[in-house]
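Residue-level structural notes
As a plain string of letters, each chain reads:
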Amino acid sequence: MKEPLHVAISGAAGQIGYALAFRIAAGDMLGSEQPVALRLLEIPQVVQSLEGVHMELQDCAFPLLQEVVTTSDTEEAFNGCDIALLVGARPRGPGQERKDLLQANAAIFSAQGRALDAVASRQVKVLVVGNPANTNALIASSNAKRLNPQQFSAMTRLDHNRTKAQLAARLQCSVREVKRVTIWGNHSATQVPDVTQALIADRPAWPQLDHGWVEDTMIPLVQQRGAAVIKARGASSAASAASAIMDHVRDWVQGTAPGDWVSMAIPSDGSYGIETGLFCSYPVVCRDGRYNIVPDLAIEEPIRKRIKATVAELLEEREAVAALLKPS
Ligand code: NAD
Ligand code: LMR
């Protein structure tokens, strides 16, 4: 039996956290041969309710689940952890944009960045989900000076999955057949769902698509999908977010499928003219626990313009939290 991997989940009693813990314990994220130990973190007022989550996890008798710790102490949760899922943060309500959460949530991520720096495994992989996710990842990483920024990422996989699903529905094929869609930029209404490189059953999708539908229907639908779910459900997406977290970490750890790529918001290395250091969503291929940005894609002018706008928003968000960023 392998040694367990320690997975910390902040906001573990929240909507996403509740869905997440059970899927990880079932092996959906790290595979059916990998034992896991869960560290469930909540704020002191809520930590009591984690006892219920703990009992339910026990009652599932998951063969891979070796240990569960519930705590409101951030350093206890992150101590030696291999994977940190930073979910705990306030969600937006109807009529809000994700960046409206910046001031409310930013302080959480500077404190958690410092705690990860102090006690996490030196190889920890961090996924920031709490919104606005890209800028929160920048804050966390900049407060964790002894960790490599490349150990941090923010989630745009839900947007990536939404794009795949829309394309499959439009072209009446299985999502299995859809490859090489990309989300560029910010996890916000300026994000750029790009299907110009997409493949359907290994053939280019672009010649099969009505380009008007892509511009006027698909792109706005994906950009506004989070708001549409909030309007319909009265609460932000949870099960689909948890599922995207499974996909993001599984691919980062175990590698992306041959011939395909995925979208992850990661610190820019300047690729595609995007300012170095910004947490920007890119198409990436993962191998051996590392990601690499897909190089040399030909970017059409309309997509280039949209990328410029989403990067401008990331720069604005960075400016708004400048006080929380540690100089490198
Ligand atoms: P929720 O309100 O149901 O749960 C959040 C939990 O976090 C609460 O239980 C709260 O007590 C806890 N929390 C708050 N501050 C904390 C802290 N400092 N440490 C530990 N726990 C803390 O919200 P949710 O629906 O689970 O959403 C969580 C976040 O994820 C929101 O910011 C939401 O906007 C974001 N989200 C992002 C994506 C994405 O694709 N990136 C998708 C869905 C939701
Ligand atoms: C989503 O994309 O569903 C989440 O970021 C929640 C939100 O605020 O839209």
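No experiment lies behind these values; they were computed from the predicted model shown.

Some thoughts on the site of ligand 2
Close to ligand 2 lie R92, R98, N131, L158, R162, H187, G226, I230, S236 and S237. Within the side chain of R98, one N or O atom sits 2.9 Å away from an oxygen atom of ligand 2. At a separation of 2.6 Å, an oxygen atom of ligand 2 approaches a polar side-chain atom of H187. For ligand 2, whose unbound accessible area comes to 260 Å², protein coverage reaches 94%. Listed by contribution, the elements that provide at least two residues to the shell around ligand 2 are α6 (157–171) and α8 (225–233). Formed jointly, the shell around ligand 2 draws a minimum of three residues from each of two domains, domain 1 (5–154) and domain 2 (157–317).

Brief notes about the site of ligand 1
Taken together, 24 residues form the shell around ligand 1, and within it Q15, E42, R90, V129 and N131 come nearest. With respect to ligand 1, the side chain of H187 contributes an N or O atom lying 3.3 Å from an oxygen atom. Look at ligand 1: alone it shows 870 Å² of surface, and the protein chains cover 86% of it. Counted by class, the shell around ligand 1 contains 12 nonpolar, 10 polar and two charged residues. Shared between two domains, the shell around ligand 1 holds at least three residues of each, these being domain 1 (5–154) and domain 2 (157–317).

Some thoughts on the domain arrangement of the protein
Assigned domains of the protein: these are domain 1 (5–154) and domain 2 (157–317). Around 3,000 Å² of area is buried between domain 1 and domain 2 when both sides are counted, 62% of it from carbon and sulfur atoms. When the buried area of domain 1 at its contact with domain 2 is split by residue, R98, K125 and N134 rank highest and sum to 21% of it. The tally of links from domain 1 across to domain 2 stands at one salt bridge.

Things to note about unusual backbone geometry
Put simply, N131 and P132 share a cis peptide bond, and its omega is -10°. Inspection of the secondary structure puts P132 in the loop between β5 (125–128) and α5 (133–142). Phi is positive for Q172, which is not a glycine, with a value near 50°. Residue placement: Q172 occurs in the loop between α6 and β7 (178–179). Judged by relative accessible area, Q172 falls into the exposed class, the value being 74%. We note that D202 has phi near 65°; this positive angle belongs to a residue other than glycine. For D202, the location among the structural elements is in the loop between β10 (199–200) and β11 (203–204). Residue class for D202 comes out exposed when judged on its relative accessible area of 53%.

Some remarks on the nonpolar core
Grouped together as the largest cluster of nonpolar side chains are 34 residues, with contacts concentrated most on I9, L20, I24, L38, L57, L85 and I245. Those elements that place two or more of their residues in this core are β1 (5–10), α1 (15–25), β2 (36–41), α2 (50–59), β3 (65–71), β4 (83–86) and α9 (239–254). Among the domains, domain 1 (5–154) and domain 2 (157–317) are the pair contributing at least three residues each to this core. Contact partners of L38, with chain neighbours within four places excluded, come to V7, I9, A21, I24, A25, L57, L65, E67, V68 and V69. Listed in part, the 29 residues of the second largest apolar core include F78, V119, L138 and V321.

Notes on the packing of helix α4 (residues 102–119) against α5
The interhelical angle for the contact between α4 and α5, taken along N-to-C directions, is 35°, at an axis separation of 7 Å. When you trace α4 past α5, the crossing you get is right-handed. Between α4 and α5, the residues in contact are L102, N105, A106, F109, S110 and G113 and T135, N136, I139 and A140, respectively. Class assignment of the residues belonging to the contact of α4 with α5 gives a composition of five nonpolar, five polar and no charged.

A few points about the pairing of strand β13 (residues 279–287)
Counting buried positions along β13 yields seven of nine residues, so the element is predominantly enclosed. Pairing of strand β12 (residues 262–267) with β13 involves six bridges; the strand directions are antiparallel. Counterpart to V262 in the pairing with β13 is V284. Strand direction decides the pairing type here: β13 and strand β14 (residues 290–293), joined by four bridges, are antiparallel. Within β14, the residue paired with V285 across the bridge is N292. If you look at the hairpin formed by β13 and β14, you'll find two residues sitting between the two strands, and D288 has a positive phi there, around 50°.

A look at the pattern of salt bridges
The final tally for this structure, using the stated rule, is 14 salt bridges. A salt bridge links K164 to D260; its shortest N-O distance comes to 3.9 Å. Remark: D260 occurs in the loop between α9 and β12 and K164 occurs in helix α6; sequence separation between them is 96 residues. In this structure, K164 and D260 share a single accessibility class: buried. Note that R304 and E301 form a salt bridge whose closest N and O atoms lie 3.8 Å from each other. With a gap of three residues between them, R304 and E301 both fall in helix α10 (residues 301–320), about one helical turn apart. For E301, a relative accessible area of 47% gives the class partly exposed. Here the salt bridges share partners, and the residues they tie into one network are R157, D247, R250 and D251.

Cut-offs used in this document
Residues numbered from 1 in each chain as written. Chains lettered and ligands numbered in written order. Predicted model: local features only at pLDDT ≥ 70, side-chain atom pairs only at ≥ 80, totals over all residues. Heavy atoms only, no water. Near = heavy atom within 4 Å. Polar contact = N/O pair within 3.5 Å; in protein donor to acceptor, adjacent residues only side chain to side chain. Areas by Shrake-Rupley, 256 points an atom, 1.4 Å probe, with all protein chains shown as cover. Helix = DSSP H or I, 4+ residues; strand = E, 2+ residues; numbered from the N terminus. Domains from an automatic or database assignment. Nonpolar A, V, L, I, M, F, W, Y, C, P; charged D, E, K, R; others polar. Buried area = accessible area lost by both parts, 1.4 Å probe. Salt bridge = Lys/Arg side-chain N within 4 Å of Asp/Glu carboxyl O. Buried < 20%, exposed > 50% of the residue type's maximum accessible area, 1.4 Å probe, protein only. Core = buried A, V, L, I, M, F, W, Y, C linked by side-chain atoms within 4.5 Å. Contact = heavy atoms within 4.5 Å. Axes fitted to C-alpha atoms, helices over the stretch in contact; angles between N-to-C directions. Left-handed = near helix turned anticlockwise from the far one by under 90°. Pairing = 2+ DSSP bridges.

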